[in-house]
Amino acid sequence: MVLAAIGLDFFIWSFIAFIRMGDFDEGSCLSLFVLLLFPYVGGLIILAFVAEQIGDYESVFLSVAGLVLIKYLADLKDKIMELLKPVVL
């Protein structure tokens, strides 16, 4: 669920950037992927690995994943509102 929210957020951000700039190149998309998404996804993967190896950290992993999900859902709401802003009077 968290990875889906992160991917959807990145897709909507890319769509907004394409609309604003008109010509969105792959180089900037790749650099933004590395800078914006990789820390969250990488951190969740490392934390999931630790939680799997040491069973006591499962609650920590679920808490962190929930917080990341809340952050990305708030970002998604803001980006969708930005997309709909020209339509809403």
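Our structure is the block above this text.
Figured I'd write up the structure that's included with this text. No experiment lies behind these values; they were computed from the predicted model shown.

### Considering the overall build of the chain
So, step 1. Secondary structure summary: the chain contains three helices and zero strands in total.
So, step 2. Put simply, the chain runs from its N terminus to its C terminus through helices and strands in the order α-α-α.
So, step 3. Scored against the burial criterion, the 89 residues of the chain give a buried share of 25%.
So, step 4. Taking the intrachain contacts of the chain between residues at least 6 apart in sequence as the baseline, contacts between residues at least 24 apart amount to 66%.
So, step 5. When the accessible surface of the chain is split by element, carbon and sulfur atoms take 74% of a total near 6,500 Å².

### Let's talk about the packing of aromatic side chains
So, step 1. Taken as a whole and judged by the stated rule, the model has zero aromatic pairs.
So, step 2. The side chain of Lys 71 reaches across the aromatic face of Tyr 72, ending 4.5 Å from its centre.

### Concerning the side chain of Asp 9
So, step 1. Note that Asp 9 resides in helix α1 (residues 2-21).
So, step 2. The buried category is assigned to Asp 9, whose relative accessible area is 6%.
So, step 3. With sequence-adjacent residues up to four places away left out, Asp 9 is seen in contact with Tyr 72, Asp 75, Leu 76 and Lys 79.

### A look at the environment of Val 68
So, step 1. Along the chain, Val 68 falls in helix α3 (residues 58-84).
So, step 2. Relative accessible area serves as the criterion here: at 10%, Val 68 is assigned to the buried category.
So, step 3. Considering only alpha carbons, one finds Val 68 and Leu 3, 65 residues apart in sequence, at a separation of 9.6 Å.
So, step 4. In this view, Val 68 contacts Val 2, Ile 6, Tyr 40 and Leu 44; residues no more than four positions away in its chain are not counted.

### What about the nonpolar core?
So, step 1. In this structure, Val 2, Ala 5, Ile 6, Leu 37, Leu 44, Val 68 and Tyr 72 are the most contacted members of the largest nonpolar core, which totals 14 residues.
So, step 2. When residues in this core are grouped by element, the largest group, six residues, is from α1.
So, step 3. Residues contacting Val 2, with those up to four places away along its chain left out, are Leu 44, Ala 65, Val 68 and Leu 69.

### Quick look at the environment of Ile 12
So, step 1. Looking at the element boundaries, Ile 12 is found in helix α1.
So, step 2. Its relative accessible area of 10% is what places Ile 12 among the buried residues.

The rules behind the values
- Within each chain, residues carry numbers counting from 1 in the order of the written sequence.
- Only residues with pLDDT of 70 or above have their local features reported here, since the model is predicted, and side-chain atom pairs are shown and tallied only from 80 upward, although totals for entire chains, interfaces and linings are computed over all residues.
- In computing side-chain values, all of the structure's heavy atoms are included and hydrogens and water are not.
- Put simply, DSSP H or I for four residues or longer makes a helix, DSSP E for two residues or longer makes a strand, and each gets a number counted from the N terminus.
- Between buried and exposed lies partly exposed: a residue is buried under 20% and exposed over 50% of the maximum accessible area for its type, with that area taken using a 1.4 Å probe on protein chains only.
- What makes two residues a contact is simply this: any of their non-hydrogen atoms within 4.5 Å.
- Surface exposure here means Shrake-Rupley accessible area, sampled with a 1.4 Å probe, where a residue is shielded only by the protein chains that are shown.
- When two rings of Phe, Tyr or Trp (its six-membered ring) have centres within 6.5 Å they constitute a pair, described as stacked for plane angles under 30 degrees, edge-to-face for angles over 60, and tilted for the intermediate range.
- Only when the NZ atom of a Lys or the CZ atom of an Arg is both within 6 Å of the ring centre and within 35 degrees of the ring normal do we say a charge sits over the ring.
- For this analysis, a nonpolar core means a set of buried residues of the types Ala, Val, Leu, Ile, Met, Phe, Trp, Tyr and Cys, connected via side-chain atoms within 4.5 Å.

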